[in-house]
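Structural overview
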Amino acid sequence: GAVVSQHPSWVICKSGTSVKIECRSLDFQATTMFWYRQFPKQSLMLMATSNEGSKATYEQGVEKDKFLINHASLTLSTLTVTSAHPEDSSFYICSARRGDGYTFGSGTRLTVV
Amino acid sequence: QKEVEQDPGPLSVPEGAIVSLNCTYSNSAFQYFMWYRQYSRKGPELLMYTYSSGNKEDGRFTAQVDKSSKYISLFIRDSQPSDSATYLCAMSVGGDQFYFGTGTSLTVIP
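Residues numbered from 1 in each chain as written. Chains lettered and ligands numbered in written order. Predicted model: local features only at pLDDT ≥ 70, side-chain atom pairs only at ≥ 80, totals over all residues. Heavy atoms only, no water.

**Quick word on the overall build of chain A**
From N to C terminus, chain A includes zero helices and eleven strands. Listing each helix as α and each strand as β along chain A from the N terminus yields β-β-β-β-β-β-β-β-β-β-β. What you see for chain A is a C-alpha radius of gyration of 13 Å, in line with the 13 Å of a compact globule of 113 residues. Projecting the C-alpha coordinates of chain A onto the three principal axes gives extents of approximately 40 × 25 × 20 Å. For chain A, with 113 residues in total, the buried portion stands at 48%. Nonlocal contacts in chain A, meaning residues at least 24 apart in sequence, comprise 52% of its contacts between residues at least 6 apart. For chain A, the computed accessible surface area is about 5,700 Å², with 51% contributed by carbon and sulfur atoms. Taking the average place of the 11 positive charges on the side chains of chain A and the average place of its 9 negative ones, the gap between the two points comes to 4 Å. (Helix = DSSP H or I, 4+ residues; strand = E, 2+ residues; numbered from the N terminus. Rg over C-alpha atoms; globule rule 2.2 N^0.38 Å. Buried < 20%, exposed > 50% of the residue type's maximum accessible area, 1.4 Å probe, protein only. Contact = heavy atoms within 4.5 Å. Areas by Shrake-Rupley, 256 points an atom, 1.4 Å probe, with all protein chains shown as cover. Lys, Arg positive; Asp, Glu negative; His and termini not counted. Charge placed at Lys NZ, Arg CZ, Asp CG, Glu CD.)

Structure, rendered in structure tokens:
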């Protein structure tokens, strides 16, 4: 079946540093990937949609200069949280569209200290 | 008001029980209704998918959608310890924009 590999599964970083999260589609080509985040006791919220070879589309309220998304190949999308702050601590998860379905990565728990 | 409301639980039931998980929503334009199951340290996986109103059954799982009440349910019959997971409802008007519930944590006790 379709598999999306997401790394790292958890990361702790210092405030002000940047963190990169990778999502790879292992057995299919993903022209479109989605990035979600989930704060404690809240639902998964779509942050942005990335299409291979073009700029990502960000949802309202998501800072595109802070959350850099790169989708340079059909199997890899990355999310970089720049100048991370404690309020960016959250669960980040990617999803890739394959046909009519969507496959999720296993998520990344980011803690900014 | 949140687009989708889901009781986070936790819900704990004995093995063999019937489990009922529910979500309510506010947007009458939602047409696609999904239930995802998420095991610890794993990503959500699609469990059931329903278009518009009605029931859908798959083995021990039954999904119900009542659009008039803006209410969806997932029933699990003869629950098993392997059903222990977080269950997320999600809905869409179409396209890629999903609205998720917060998830309900379920534990089935042997």
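**Describing the sheet that holds strand E7 (residues 67-73) of chain A**
Hydrogen bonds between backbone atoms are what pair the strands of a sheet, whose relative direction is either parallel or antiparallel. All names here are of chain A. In space, the four strands of this open sheet follow the order E1-E3-E8-E7, with antiparallel pairing throughout. What marks the edges here is a single partner per strand, and that holds for strand E1 (4-7) and E7. In this sheet, neighbouring strand axes are inclined to one another by 15° on average, regardless of whether the strands run parallel or antiparallel. As judged from the five bridges shared by E7 and strand E8 (residues 76-81), these two strands associate in the antiparallel manner. Along E8, the bridge assignment pairs Asn 70 with Thr 78. (Pairing = 2+ DSSP bridges. Axes fitted to C-alpha atoms, helices over the stretch in contact; angles between N-to-C directions.)

**Thoughts on the packing of aromatic side chains**
Per the counting criterion, the structure on display carries 14 aromatic pairs over all chains. With 5.0 Å between their ring centres and 45° between their planes, Tyr 32 of chain B and Tyr 51 of chain B make a pair best called tilted. Of this pair, Tyr 32 of chain B sits in strand E4 (residues 32-38) while Tyr 51 of chain B is found in strand E5 (residues 45-51), placing the two residues 19 residues apart along the sequence. By relative accessible area, which is 26% here, Tyr 32 of chain B ends up partly exposed. Taken together, the ring pairs connect Phe 34, Tyr 36, Tyr 102 and Phe 104 of chain A together with Tyr 36, Phe 98 and Phe 100 of chain B into an aromatic cluster. (Phe/Tyr/Trp six-rings, centres within 6.5 Å; stacked < 30°, edge-to-face > 60°.)

**Description of the environment of Glu 22 of chain A**
All names here are of chain A. Along the chain, Glu 22 falls in strand E3 (residues 19-25). A relative accessible area of 27% places Glu 22 in the partly exposed class. Measuring from C-alpha to C-alpha, the distance between Glu 22 and Thr 80 comes to 8.7 Å, with 58 residues separating the pair along the chain. The residues touching Glu 22, leaving out its near neighbours within four places in the chain, are Ser 5, Gln 6, His 7, Trp 35, Leu 76, Ser 77 and Thr 78.

**A word on the interface of chain B and chain A**
On the chain A side, the residues contacting the 14 residues of chain B number 16 residues. Buried area between chain B and chain A, summed over both chains or domains, comes out near 1,200 Å², and the portion from carbon and sulfur atoms is 55%. At the junction of chain B with chain A, the criterion picks out one salt bridge. Across the pair Arg 97 of chain A and Asp 96 of chain B runs a salt bridge whose closest N-O atoms are separated by 2.3 Å. (Buried area = accessible area lost by both parts, 1.4 Å probe. Salt bridge = Lys/Arg side-chain N within 4 Å of Asp/Glu carboxyl O.)

**Quick notes on the side chain of Asp 83 of chain B**
All names here are of chain B. For Asp 83, the position within the fold is in the loop between strand E8 (71-76) and strand E9 (85-92). Judged by its relative accessible area of 1%, Asp 83 is buried. Sequence-distant contacts of Asp 83, defined by excluding residues within four places in its chain, comprise Arg 37, Arg 60, Phe 61, Ile 76, Asp 78, Leu 106 and Val 108.

**Concerning the environment of Arg 24 of chain A**
Residues and elements named next belong to chain A. For Arg 24, the position within the fold is in strand E3. For Arg 24, a relative accessible area of 36% puts it in the partly exposed group. Sequence separation of Arg 24 and Ser 95 is 71 residues, and the distance between their C-alpha atoms is 9.8 Å. Setting aside chain neighbours within four positions, we find Arg 24 in contact with Val 3, Val 4, Ser 5, Met 33, Thr 75 and Leu 76.

Read these as spatial facts, not as claims about activity.
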